[in-house]
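Survey of secondary and tertiary structure
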Amino acid sequence: DPNIARITPKPEGDESSRRFRIHFHVDDQPLSPWHDVPLKNPDGSYNFLCEIPKWTRKKFEIATGEAMNPIKQDVKNGVLREYKWGDMLFNYGAFPQTWEDPKEISEET
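What counts and how
- Every residue gets a number counted from 1 within its own chain, in the order that chain's sequence is written.
- Selection of residues for local features in this predicted model requires a pLDDT of at least 70, selection of side-chain atom pairs for listing and counting requires 80 or more, and totals for whole chains, interfaces and linings are taken over all residues.
- The side-chain values count all of the structure's non-hydrogen atoms but skip hydrogen atoms and water molecules.
- Salt bridge criterion: a side-chain nitrogen from Lys or Arg within 4 Å of a carboxyl oxygen from Asp or Glu.
- Here a strand is any run of E in DSSP of at least two residues, a helix any run of H or I of at least four, and the numbering for each starts at the N terminus.
- Buried residues are those whose accessible area, probed at 1.4 Å on protein chains only, stays under 20% of the maximum for their type, while exposed residues exceed 50% and partly exposed ones sit between those limits.
- Note: two strands are recorded as paired if DSSP finds a minimum of 2 bridges between them.
- Every patch collects residues that have over 30% relative accessible area and no salt bridge, joining them within 9 Å if they carry like charges and within 5 Å if they are nonpolar side chains (Val, Leu, Ile, Met, Phe, Trp, Tyr).
- Only the protein chains shown count as cover for residues, and all accessible areas are computed by the Shrake-Rupley method using a 1.4 Å probe.
- Definition of a polar contact: a pair of N or O atoms within 3.5 Å, with one able to donate and the other able to accept a hydrogen when the atoms are protein atoms, and with sequence-neighbouring residues admitted only if both atoms are side-chain atoms.
- We call two residues in contact whenever any of their non-hydrogen atoms come within 4.5 Å of each other.

This part covers the pattern of salt bridges. Inspection of every chain in the model, using the stated rule, returns seven salt bridges. Linking R6 and D27 is a salt bridge whose minimum nitrogen-to-oxygen distance equals 2.5 Å. One end of the pair, R6, is in the segment before strand 1 (7-12); the other, D27, is in the loop between strand 2 (21-26) and strand 3 (29-31), and 21 residues separate them in sequence. Residue R81 is joined to D74 by a salt bridge in which the shortest nitrogen-to-oxygen separation is 2.7 Å. Since its relative accessible area comes to 10%, D74 is described here as buried. Each of R21, E66 and K72 takes part in a single network of salt bridges with overlapping partners.

Okay, the pairing of strand 2 next. Inspection of the sheet shows strand 1 paired to strand 2 by six bridges, in the antiparallel sense. Its bridge partner lying in strand 2, T8 is registered against H25. Here strand 2 pairs with strand 6 (residues 71-73) via two bridges, running antiparallel. Of the residues in strand 6, the one forming a bridge with I22 is I71. With three bridges joining them, strand 2 and strand 3 adopt antiparallel strand pairing. The partner of F24 across the bridge, within strand 3, is L31. Counting the residues in the hairpin turn of strand 2 and strand 3 gives two residues, including D27, whose phi is positive at 55°.

Our next topic: a nonpolar patch on the surface. Together, W55, L89, F90 and Y92 make up an exposed nonpolar region whose accessible area comes to about 470 Å². In this fold, F90 is placed in the loop between strand 8 (79-80) and strand 9 (92-94). Residue classification places F90 among the partly exposed positions, given a relative accessible area of 46%.

Tracing the backbone through its elements, the reader meets Q73 in strand 6. A polar contact is formed between the side chain of Q73 and the backbone oxygen of R81, at a distance of 2.8 Å. The residues touching Q73, leaving out its near neighbours within four places in the chain, are E15, F20, K58, K59, F60, L80, R81 and E82.

No statement about biological role is implied by the geometric values presented.
This is how it looks when you write it as structure tokens:
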């Protein structure tokens, strides 16, 4: 597991464009925030990937189809998405390593 304190974000591109990405590195080595960041830390706390920061509107997401899964702004019908109902009142996002395999059918669902 990477040392969480040493993970650094590396923005790339113009933030107002569809090409903007936030990549993550630890000790200058790329890592996937989705696959490589552990769900839990040794002290029992959890890690969280923020996709809409509190008091903002831009709807970011984990780019699951891209190498190393950078964070990008979501696009719908060719337009960058934003949260429509005012500024987000809380940090919205995902826990790392909690994806589901759509090919695996759970008896519980």
